[in-house]
Amino acid sequence: MHDSNAEAAESIGPKILSAHDAPQSEDEVTRRKFMANATIAIGGLVGLALAVPIVGSLLPGKSSTEGSWSPLTAAELDALNKATSKPVKLTFTLKYVDGYLPEQSVPEYCWGIRVDNNQKFMAARPDIFAGGKADVPYAVVNMGFVLFSPICPHLGCYYGWSDAQNRFMCPCHGSQYTFDGTHIAGPAPRGLDPLPVRERSGIADVMWIIYQSNTPSRIVISYQA
Ligand code: FES
């Protein structure tokens, strides 16, 4: 009975060897190597596909490393051009992109002063022009005026202008600044921070920058609200 079964099996055709039958055969080793290499290659491709967007999301995008320009209103700019001894509050809409959220728009403002004498202004602000060179990478005085961030360099409160005191005053801890932004009282470690301003087709644009609070030097923290 057994012999007849073996003969029947042989009559069907030659037996196909499996890995179990010949684990160290050349064919099997080659096949295993191929499978191992294919697994590594596919894993690498999947990893790469995942890594590109993840790394991309961690890298600072354009919106976080470069400020965007916001136009100032023509009426306020006109007022600034006529102002001589008082600052002008200039409002604008700040637009920025935060991560994957849609573009955000928030109302903001800055303070503008007329500067008719650059040398005088530079002499009054050694905290900006140490050694005659500005500590910010843009022209501080442009179009005949300077724009100040409305954020107090002490701990970030919004300060205001006092007509009665003829100076900028911060309500939080009492820091005070002259018309040209010089720090004269209170705990702030530096004078008011200038913002970039440019002319574009007859109107002026301002760039929003948030600087590190409570440090003598200006360190950019953000170009967003
Ligand atoms: S935040 Fe302005 S004085 Fe402290």
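Residues numbered from 1 in each chain as written. Predicted model: local features only at pLDDT ≥ 70, side-chain atom pairs only at ≥ 80, totals over all residues. Heavy atoms only, no water.

1. Comments concerning the pattern of salt bridges
The criterion, for reference: Put simply, a salt bridge is a Lys or Arg side-chain nitrogen that is within 4 Å of an Asp or Glu carboxyl oxygen. A run of DSSP states H or I qualifies as a helix once it reaches four residues; a run of E qualifies as a strand once it reaches two. Both are numbered from the N-terminal end. Buried residues are those whose accessible area, probed at 1.4 Å on protein chains only, stays under 20% of the maximum for their type, while exposed residues exceed 50% and partly exposed ones sit between those limits.
One pass over the structure, following the stated rule, counts 10 salt bridges. Of the charged contacts in the structure, one is a salt bridge between D78 and K82, with a shortest N-O distance of 2.8 Å. Remark: K82 and D78 occur in helix α4 (residues 74–82); sequence separation between them is four residues, near one turn of the helix. Given the relative accessible area of 37%, D78 is considered partly exposed. Overall, K82 belongs to the exposed group, its relative accessible area being 60%. Salt-bridge contacts for D127 lead to R125; the nearest nitrogen and oxygen are separated by 2.9 Å. Its relative accessible area of 25% is what places D127 among the partly exposed residues. One connected set of salt bridges, linked through shared partners, spans R125, D127, D135, R190, D193 and R218.

2. Describing the packing of aromatic side chains
Convention followed: Aromatic pairs are defined between Phe, Tyr and Trp rings, using the six-membered ring for Trp, whenever the two ring centres lie within 6.5 Å; interplanar angles under 30 degrees are classed as stacked, those over 60 as edge-to-face, and all others as tilted.
Applying the stated rule across the entire model yields 10 aromatic pairs. Ring centres 6.2 Å apart and planes at 85° place the aromatic pair F148 and F168 in the edge-to-face group. Residue F148 is located in strand β4 (residues 145–148), and its partner F168 is located in strand β6 (residues 167–169); the two are separated by 20 residues in the primary sequence. Each of the two residues, F148 as well as F168, counts as buried. Measuring from centroid to centroid gives 5.3 Å for Y159 and F168, while their planes differ by 80°, and the two rings are edge-to-face. This pair shows no difference in class: Y159 is buried, exactly as F168 is.

3. Considering the side chain of S149
Structurally, S149 is set in the loop between β4 and β5 (160–162). Judged by its relative accessible area of 2%, S149 is buried.

4. So, the confidence of the model for the protein chain
Our working definition: The predictor attaches a confidence to each residue, called pLDDT, with possible values from 0 through 100. Contacts between residues were defined by any pair of non-hydrogen atoms, one from each residue, lying within 4.5 Å.
For the protein chain, the average pLDDT comes to 84, and 78% of its residues sit at 70 or higher. A low-confidence stretch, residues 58–64 (pLDDT under 50), is modelled with six contacts involving residues beyond four sequence positions or located in other chains.

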